[in-house]
Amino acid sequence: MYREVLKYIRELGEERELSPDRQGEVRECMDGIAGEICGIYGLTVGKSEKGKREKNYSFHGTYQCVARYLTANTESGISIGIYGERSPEKKSRYCICIGTVHAFLHSKKETNEEERERLKKNRKQYYSFIDMKLRDGLCYTYKNMYGSGDEDIKTKDPRTIFVHKEKELKNKDENIIREFVKEKTDTVKDNDDDIEPCYLIEAETEDGKLRTEEELKAEVIKGVGLLMPYYKHIMDYPEIVKNMILYGPPGTGKTYITATYAVLICGWYTLDTLKNMNHSKIMEIYHELEQEGRIGFTTFHQSYGYEDFIEGIRPVLDKEKTDAQNQSEEQKSEKSGNLEYTMEPGVFKAFCEKAEKSKKPYVFIIDEINRGNISRIFGELITLVEESKRKGEADERSVILPYSGLPFSVPSNVYIIGTMNTADRSIALLDTALRRRFSFVEMMPDTEVLKDIKIEVPEMPDTVDKKAGKSTIDIQKLLKIINQRIEVLYDREHTIGHAYFCGLKKTATLDGLKNVFKKSVLPLLQEYFFDDYEKIAMVLGDNQKSNSNYKFIVEDNEKDIRALFGKDLETEVIDMLQRKRYMINEKAFDYAESYIQIYEPSWKN
């Protein structure tokens, strides 16, 4: 279908009448192309101002083009256009560019002050791309014949198109572009003339051969990928940096969200699409990319080293020995001393070598990055991961690896995402070199995601307070007050993440909550407060509960000190041993009021 569109344009003479049937065939091809690009990048076909699907096809007299617009946000007005067109040299090609729906930059109604301000704001938003550096392969194009389909467009001369490649863009030309943008924005001059960043794909290669279907498809996918950063810039998408660490307390979804970031960076879907996508679908895409080799994953730990990450010498048993499963013990013992050593790349070096062969984004995820010895693991590569020192960047650097003696550099298309648990180590204690080279994104507990989780307990499971009827446990309020108390008694880096409670969305039961508290919440509090049960009791509101049945932490006063250690102990020793001792009240986990009174103390009732 990619080749068919260009074939139609290439064979179409200036005097030939347009066949409606042939037009229909070409439109179907453009539909197929649009659908394929949408599937790869998560874009949607644009809609008209009335909300109907836009066909956005145009056939313009002596200048023939077939256009199909795609957009990820129909409200923004920003779109990616794919045109099959005839070049000024009468050759067929694809032009992929960032454009707009007509109403975003232009107005058909009388331009009153309100409309002028709207257009000015939209044009500033759109033309902000001229302050960005053009990526290799892109150029500026100025068009005044696409989009509206008006009759007078037929008379437009195709030579009014001009294209500026960055390497050929002189100061004079750049000034012309900026003056054009300034005039369009300040005066709100209304016509169909716009400047767009674009990627051109000629039907023929430099040696005159027609590109194959696969080659054209690959080029279209590449072109949209090159333009995506400009598209995201205009739509004010968050910037994804090359080196990023997600940090926060346990259970805030740091590892969980790395899959979304990885899929986003790899360019399959936009952020808006991923926000509304089921996580199982995201993981499905994630595993596909992982199988393709574009996503790598490792977890740092205390014994993780340079040899695991970069490269090292590893022992290899004699191949004959390893293959000889059925050899006799005597035969095996003869070869027992045949041990060889080989140079093996670590996981990160191997990943970079694979990424270097491609222009696509690759994502390497390091879970628990703060648990490893950064200096020992990264070695000399701590310098090379800097964005400016990546291969192909202005300050490109390489190092000679100590084991292999070969030069090595980190490709610019490799993104590194790390996660760190602040309960294990504060960000302030993290390796200084790592802190300078990574951007940090804090992920704190988000109780908002729990707002709809309410556990309905039909009847009180106890008769202590002689209550009957329904009780409701509000999980959002529960976690919110627990974390507020932890912040006061300890710090915000040791709060409890919302992820521990997300499983209750499927089965909001008292038994489910009981498991969360017994297996996650209480063990975390014991770890945080070093078994200081008085503080744990305060976090759980036990000091404000009048009924001891609802207290998770209770005093253990049953032990007779004299019976345990003898009656002849001195009074001072007995007083010392009589200090408060605590135990976990297992019965409290079964009562709804035990949880409700964490955020609604009994003294308030």
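Please read all numbers here as calculations on a predicted model, not as lab measurements. (Residues numbered from 1 in each chain as written. Predicted model: local features only at pLDDT ≥ 70, side-chain atom pairs only at ≥ 80, totals over all residues. Heavy atoms only, no water.)

## What to know about the overall build of the protein chain
For the protein chain, the helix and strand inventory stands at 23 helices and 20 strands. Here the protein chain holds 605 residues, and the buried ones make up 46% of them. Across the protein chain, the fraction of contacts at a sequence separation of at least 24, relative to all contacts at a separation of at least 6, is 69%. (Helix = DSSP H or I, 4+ residues; strand = E, 2+ residues; numbered from the N terminus. Buried < 20%, exposed > 50% of the residue type's maximum accessible area, 1.4 Å probe, protein only. Contact = heavy atoms within 4.5 Å.)

## A word on the packing of helix α2 (residues 20–41) against helix α6 (residues 213–234)
Put simply, α2 and α6 touch, their axes get as near as 11 Å, and they point 50° apart. Between α2 and α6, the interaxial angle falls into the category oblique. The crossing of α2 and α6 is right-handed. Contacts from E36, I37, I40 and Y41 of α2 reach α6 at K217, V220, I221, V224, G225 and M228. Of the residues that constitute the contact of α2 with α6, the class distribution is seven nonpolar, one polar and two charged. (Axes fitted to C-alpha atoms, helices over the stretch in contact; angles between N-to-C directions. Parallel < 35°, antiparallel > 145°, perpendicular 65-115°, else oblique. Left-handed = near helix turned anticlockwise from the far one by under 90°. Nonpolar A, V, L, I, M, F, W, Y, C, P; charged D, E, K, R; others polar.)

## Focus on the confidence of the model for the protein chain
The pLDDT averaged across the protein chain works out to 78; a share of 74% of its residues lies at or above 70. Every residue in residues 48–63 is under pLDDT 50, and counting partners more than four places away or in other chains gives 44 contacts. Overall, residues 144–161 carries pLDDT values under 50, and its contacts beyond four positions in sequence, including any with other chains, amount to 29 contacts. (pLDDT = per-residue confidence, 0-100.)

## Quick word on the packing of helix α17 (residues 475–489) against helix α19 (residues 510–528)
Where α17 meets α19, the closest approach of the two axes is 14 Å, and the angle between their N-to-C directions is 10°. With respect to their mutual orientation, α17 and α19 come out roughly parallel. Listed contacts from α19 to I475, L478, I482 and I486 of α17 are L513, F517 and L525.

## What to know about the packing of aromatic side chains
Summed over all chains, the structure comprises 24 aromatic pairs. Seen in terms of ring centroids, Y304 and F309 are 6.4 Å apart; in terms of plane orientation they differ by 65°. Their pairing is edge-to-face. Overall, the relative accessible area of 1% leaves F309 in the buried class. With 5.5 Å between their ring centres and 20° between their planes, F517 and F552 make a pair best called stacked. With a gap of 35 residues between them, F517 in helix α19 and F552 in the loop between α20 (533–539) and β19 (553–555) connect regions that are remote in the sequence. The buried category is assigned to F552, whose relative accessible area is 1%. What links up through ring pairs into an aromatic cluster is the set F300, Y304, F309, F348, F351, Y362, F364 and F378. Taking NZ or CZ as reference, K242 lies 5.5 Å from the ring centre of Y415, over its face. (Phe/Tyr/Trp six-rings, centres within 6.5 Å; stacked < 30°, edge-to-face > 60°. Lys NZ or Arg CZ within 6 Å of the ring centre and 35° of its normal.)

## Focus: the sheet that holds strand β16 (residues 439–442)
The strand order across the open sheet built from five strands is β9-β12-β15-β8-β16, with neighbouring strands paired in parallel fashion. Edge positions in the sheet fall to β9 (295–299) and β16, since each has one partner strand and no second. Taking the axes of each pair of neighbouring strands and ignoring which way they run, one obtains an average angle of 20° across the sheet. Its contacts with the sheet put helix α13 (residues 347–355) on β9, β12 (362–367) and β15 (414–421), and the angle it makes with β12 is roughly 165°. (Pairing = 2+ DSSP bridges.)

## As for the side chain of K545
Locating K545 in the fold gives a position in the loop between α20 and β19. Looking at K545, its side chain comes within polar contact range of the main-chain oxygen of L540, at 3.5 Å. From its side chain, K545 meets the backbone oxygen of Y550 in a polar contact 2.8 Å long. K545 has contacts with L540, Y550, K551, F552, S594, Q597, I598 and S602, leaving out every residue within four places of it along the chain. (Polar contact = N/O pair within 3.5 Å; in protein donor to acceptor, adjacent residues only side chain to side chain.)

## Describing a negative patch on the surface
Taken together, the side chains of D531, D532, E534 and E555 define an acidic patch exposed on the protein surface. Relative to the helices and strands, E555 resides in strand β19. (Patch = residues over 30% accessible without salt bridge, like charges linked within 9 Å, V, L, I, M, F, W, Y side chains within 5 Å. Areas by Shrake-Rupley, 256 points an atom, 1.4 Å probe, with all protein chains shown as cover. Salt bridge = Lys/Arg side-chain N within 4 Å of Asp/Glu carboxyl O. Lys, Arg positive; Asp, Glu negative; His and termini not counted. Charge placed at Lys NZ, Arg CZ, Asp CG, Glu CD.)

## Let's talk about the pattern of salt bridges
Considering all chains together, one arrives at 20 salt bridges under this definition. Here K389 ties to E386 by a salt bridge, and the two come within 3.4 Å at their closest N and O atoms.

## Here's the deal with the state of the cysteines
A covalent bond between the sulfur atoms of two cysteines is what we call a disulfide. Per the counting criterion, the structure on display carries zero disulfides. A disulfide-free cysteine, C95 has its sulfur positioned 4.1 Å from the sulfur of C198, the nearest such atom. (Disulfide = S-S within 2.5 Å.)

## Comments concerning the environment of D193
Counting through the fold element by element, D193 comes out in the loop between α5 (171–186) and β7 (194–202). Residue D193 is classed as buried on the basis of its relative accessible area of 15%. Considered as a pair, D193 and F180 are 13 residues apart in the sequence and their alpha carbons are 9.6 Å apart.

## Brief notes about a nonpolar patch on the surface
A grouping of I313, L339, Y341, M343 and Y403 is seen on the molecular surface, where their side chains present a nonpolar patch of about 490 Å² in accessible area. With three residues, the top contributor of residues to the nonpolar patch is strand β11 (residues 339–345). Assignment of secondary structure puts Y403 in the loop between β13 (399–400) and β14 (407–408). By relative accessible area, which is 35% here, Y403 ends up partly exposed.

## Considerations on the pairing of β12
Counted residue by residue, β12 has six buried out of six residues, so it is predominantly covered. Here β12 shows a buried face lined by Y362, F364 and I366 and a second buried face lined by V363, I365 and D367. In this structure, β9 lies alongside β12, joined through five bridges in parallel fashion. Residue T298 lies in a different strand from β12, and its bridge partner there is I366. Alignment of β12 against β15, held across five bridges, turns out to be parallel. Across the sheet, the residue bridging to I366 is G418, located in β15.

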